[in-house]
Amino acid sequence: MSNFVTIDFETANSNSHSICQVGIVEFEEAVELRHWSTYVNPLDIFDWRNTLIHGIKSNDVENSPKFIDIYEKIKSSLSEKIVVSHGSFDRTALKRALEKHNLNPFDATWIDSTIIARRVLPQFAQKGYSLQNLAKHYEITTSPHDALDDARTCGLILNRLLQESNKSIEDWVCEVNNTSKKNQQSNFRLNAEHIKPNPEGKFYGISICVTGALSFGNRSQVHSYISNLGFTIHNGLKKDTDYL
């Protein structure tokens, strides 16, 4: 199987957390299943250099949702899935935005499509592995620096790279992370200990470790639920773990 989600952000200025547009596209077996995009009000200044690149101005987003308003949508779109970005910028932008707004990270597996492109298309070493260079190579028509179009282009390019390499995205995750498929799931999650407990929760100050099979929800949902109750989550059993 090769199921994955691609994501792209545009930002208002040089601060990577100043997200002003997001585009997300979900692929299943090389077919686009669904997509979503929105402008975002970053509550920040727009640098003319950034606007020159993507064309988005402050008045374009003044009535758009803020990042905190779309957090749940982004989380539900990416959680427990393989997330692909072309380069490391988009992953960093999401991380910085979560930190800025004091929002919990969530379980996802990230992979940079440029890493795969470098291994499949070594002849591009001189020309460069930009989205537009690869799109031109595969004769993919694009609208550069539109978050949704860039996310879709990333996915279309990745599907061609998977085809040429005769590998699935899961194979590439294992290869890039230097793991076996047996241990793959452990690399699909952000560290649960990074999730901040709710200080107003009934169990604030008490730690818990969640192990074994779950009878309801996925692990990300359970982590979110118990952190909301105030629990501090431990990845493994420790001397100061209060509950197992």
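Residues numbered from 1 in each chain as written. Predicted model: local features only at pLDDT ≥ 70, side-chain atom pairs only at ≥ 80, totals over all residues. Heavy atoms only, no water.

1. Section: the environment of Val-25
We count it as follows: Strands here mean DSSP runs of E at least two residues long; helices mean DSSP runs of H or I at least four residues long; both are numbered from the N terminus. Pairs of residues are marked as contacts when any of their non-hydrogen atoms sit within 4.5 Å.
Along the chain, Val-25 turns up in strand E2 (residues 19–28). Along the backbone, Val-25 and Asp-149 are 124 residues apart, and their C-alpha atoms lie at a distance of 9.2 Å. Those residues within four positions of Val-25 in sequence are excluded, and the remaining contacts are Phe-4, Val-5, Thr-6, Glu-32, Arg-34, His-35, Leu-148, Ala-151 and Arg-152.

2. Some details on the packing of helix H5 (residues 113–120) against helix H8 (residues 169–177)
Test applied: Each axis is a line fitted through C-alpha atoms, taken for helices only over the stretch in contact, and angles between the N-to-C directions span 0 to 180 degrees. Convention used here: angles under 35 degrees read as roughly parallel, angles over 145 as roughly antiparallel, angles from 65 to 115 as roughly perpendicular, and any remaining angle as oblique. We call Asp, Glu, Lys and Arg charged. Ala, Val, Leu, Ile, Met, Phe, Trp, Tyr, Cys and Pro are nonpolar, and the rest, Gly among them, are polar.
Running from N to C, H5 and H8 cross one another at 90°; their axes reach a closest spacing of 11 Å. Relative to H8, the element H5 lies roughly perpendicular. In this structure, H5 contributes Ile-115, Ile-116, Arg-119 and Val-120 to the contact, and H8 contributes Ile-169, Trp-172, Glu-175 and Val-176. A per-class count over the contact of H5 with H8 returns six nonpolar, no polar and two charged.

3. Topic: the pairing of strand E4 (residues 82–85)
The criterion, for reference: Note on exposure labels: buried denotes an accessible area under 20% of the residue type's maximum, exposed denotes more than 50%, and partly exposed covers the range between, all computed with a 1.4 Å probe on protein chains only. One bridge is not enough; two strands pair if DSSP finds at least two bridges between them. Crossover handedness is defined by viewing with both strands directed away from the observer: a clockwise path from the first strand over the helix to the second marks the crossover as right-handed.
Burial along E4 is two-sided: Ile-82 and Val-84 facing one way and Val-83 and Ser-85 facing the other are all buried. Note: strand E1 (residues 3–11) against E4, two bridges, orientation parallel. By the bridge assignment for E4, Thr-6 is matched with Val-84. One ladder, built from four bridges, connects E4 with strand E5 (residues 109–112); its direction is parallel. When the bridges of E5 are listed, Ser-85 appears paired with Asp-112. Taken together, E4, helix H4 (residues 89–100) and E5 form a β-α-β motif whose crossover is right-handed.

4. Remarks on the pattern of salt bridges
Proximity of charged atoms lets side chains of opposite charge pair with each other. Our working rule: The term salt bridge refers to a pairing of a side-chain nitrogen on Lys or Arg with a carboxyl oxygen on Asp or Glu at a separation within 4 Å.
Under the definition given, this model contains eight salt bridges. In this structure, the salt-bridge partner of Arg-152 is Glu-32, at a minimum N-O distance of 2.8 Å. Taken together, the residues Arg-152 in helix H7 (residues 147–165) and Glu-32 in strand E3 (residues 31–39) connect sequence positions 120 residues apart. The exposure class of Glu-32 is partly exposed, given its relative accessible area of 28%. The closest approach of N and O atoms between Glu-175 and Arg-119, which form a salt bridge, is 3.2 Å. Linking Glu-175 in helix H8 with Arg-119 in helix H5, this pair joins segments that are 56 residues apart in sequence.

5. So, the sheet that holds E4
Pairing within the open sheet is mixed, and its five strands lie in the order E3-E2-E1-E4-E5. In the strand order of this sheet, the two ends are held by E3 and E5, each with one partner. Each strand of the sheet is rotated relative to its neighbour by a mean of 25°, with strand direction disregarded. Along the sheet, H8 contacts E1, E4 and E5; its crossing angle with E5, the most-contacted strand, is approximately 85°.

6. Some remarks on unusual backbone geometry
One non-glycine residue with positive phi stands out, namely His-145, at about 65°. Here His-145 shows up in the loop between helix H6 (131–137) and H7.

7. Some remarks on the packing of helix H3 (residues 67–78) against H4
Basically, it comes down to this: Left-handed describes a crossing whose near helix is turned anticlockwise from the far helix through less than a right angle; right-handed describes the clockwise counterpart.
For the pair H3 and H4, the least separation of the axes is 11 Å and the interaxial angle reads 130°. As far as their axial angle goes, H4 and H3 are oblique. Read as a crossing pair, H3 and H4 show a hand that is left-handed. Here H3 contributes Phe-67, Tyr-71, Ile-74 and Leu-78 to the contact with H4, which in turn contributes Leu-94, Ala-97 and Leu-98. In terms of residue class, the contact of H3 with H4 is built from seven nonpolar, no polar and no charged.

8. A few points about the side chain of Ser-77
Relative to the helices and strands, Ser-77 is located in helix H3. Among the residues examined, Ser-77 registers a relative accessible area of 14% and is labelled buried. The residues touching Ser-77, leaving out its near neighbours within four places in the chain, are Val-5 and Ile-24.

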